[in-house]
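Spelled out from the first residue to the last, the chains are:
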Amino acid sequence: MGQKELLIVIPAHNEAQNLPRVLDQLAEQEVDRYADILVVDDASTDDTLGIARERGCRTVSNIFRFGYGGAVQMGYKYAVRGGYSFVVQMDADGQHDACNVPVLCRRLWERDREGLRPDIVLGSRYLEGSRSFSLSWAKRVAHRLFRWLIRSATGQTVTDPTTGLQGLSRRAFSFYARYGNFDDKYPDANMLAQMALLSFRVAEVPAVMYPRTAGRSIHSGLRPAWYMVRMVYSLAAVVFRIRVLKKEIMPAPEALTGR
C-alpha cells in the first residue's frame, strides 16, 4: 500500500477510559483504509499509551507534559516529517464522533471555483445539521465574545471558535509546526484569527459531538475564567503583531507546495 495522504491526530492525557471508544468508532467508520491514526500521549500516568499501541495506532509519547497545544503541535510535526497531505485532529475524550472524519475530509478535498482547497476546516456545533450537547452559559458567552472578536479583527465569521475538531491542509499544519507559529497552551480563537489575517482559507462544516462521560476536562474548575482572560489577551496580541507591527510570519517553503 502506498503512502496515505491523511493523518488522524489524537492528543491524549490520561484518557484510558475514553480512548477505546474513540478508536472503536474510527474502526467502525473504516478510517484506517485511507488514513493513519496517531495518538500523541502527553505524559499520561494511566494506560493511554498501552491502549493506543495495543490497537495498532502510531504513537508519540511525551516524557514531560506539554499541554494540549504542545501535544497537537507534536502531531503536526509528525505529519510534516511523514509527508502527509492532510491532518484531521480530534479529541481523545469521546466528544468528537468519528462520523465527522469523512465530512471534514470531503470539505478538505473540495476545490472552489478558483481551484483552491480550504487550509482549515472546522467542525462546528452551531451550523445547521450539527448535533451537540448543552453547553454552560459561561462557554456560550465565551463563544459569542470570541466570535465577535474574530469578526471584528478579520471580517470573517467563525461560528465555533473553540472547536478542537479540525481538518488541515499541508500548508496549514506545516505552518503550525514551526516554532513561534502556534500557541502551545490554548490554541483556539487566537490561532483562527492569526490564520485568517495571514490569508489562510478557513471553512466550517456541521459536526456531531457528545459530552465527556469520563475523566476530567482541561476546562474544569476555575480554568475557564483564566482561559477566557488569556484568550482575549492572546487575540489582541495576534492582531497587534500582524496588523500594527506588520509581522507576517511566512510559512515554511514545503508548506506552500502541499497537494
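Preceding this section is the structure that the text describes.
Residues numbered from 1 in each chain as written. Predicted model: local features only at pLDDT ≥ 70, side-chain atom pairs only at ≥ 80, totals over all residues. Heavy atoms only, no water.

Peer 1: So what about unusual backbone geometry? Which residues, and what values?
Peer 2: Look at glutamate 30: it is not a glycine, yet its phi comes out positive at around 55°. For glutamate 30, the location among the structural elements is in the loop between α1 (19-28) and β2 (35-42). Judged by its relative accessible area of 42%, glutamate 30 falls in the partly exposed class. Backbone geometry places serine 199, a non-glycine residue, at a positive phi of 70°. Residue placement: serine 199 occurs in the loop between α7 (189-197) and β7 (202-206). (Helix = DSSP H or I, 4+ residues; strand = E, 2+ residues; numbered from the N terminus. Buried < 20%, exposed > 50% of the residue type's maximum accessible area, 1.4 Å probe, protein only.)

Peer 1: How would you summarise the pairing of strand β4 (residues 86-89) if you had to cite specific residues and measurements?
Peer 2: Of the two faces of β4, the one lined by Phe86 and Val88 and the one lined by Val87 and Gln89 are each fully buried. Bridge analysis of strand β1 (residues 6-12) against β4 gives four bridges, and the strand direction is parallel. Within β4, the residue paired with leucine 7 across the bridge is valine 87. Pairing analysis gives four bridges linking β4 to strand β6 (residues 166-169), with the strands arranged antiparallel. By the bridge assignment, phenylalanine 86 is partnered in β6 with serine 169. (Pairing = 2+ DSSP bridges.)

Peer 1: Summarise the pairing of β7; cite the residues concerned and give the values.
Peer 2: Most of β7 is tucked away: four of the five residues are buried. The pairing of strand β5 (residues 120-124) with β7 spans five bridges and is classified as parallel. Across the sheet, residue leucine 122 finds its bridge partner in β7, namely glutamate 204.

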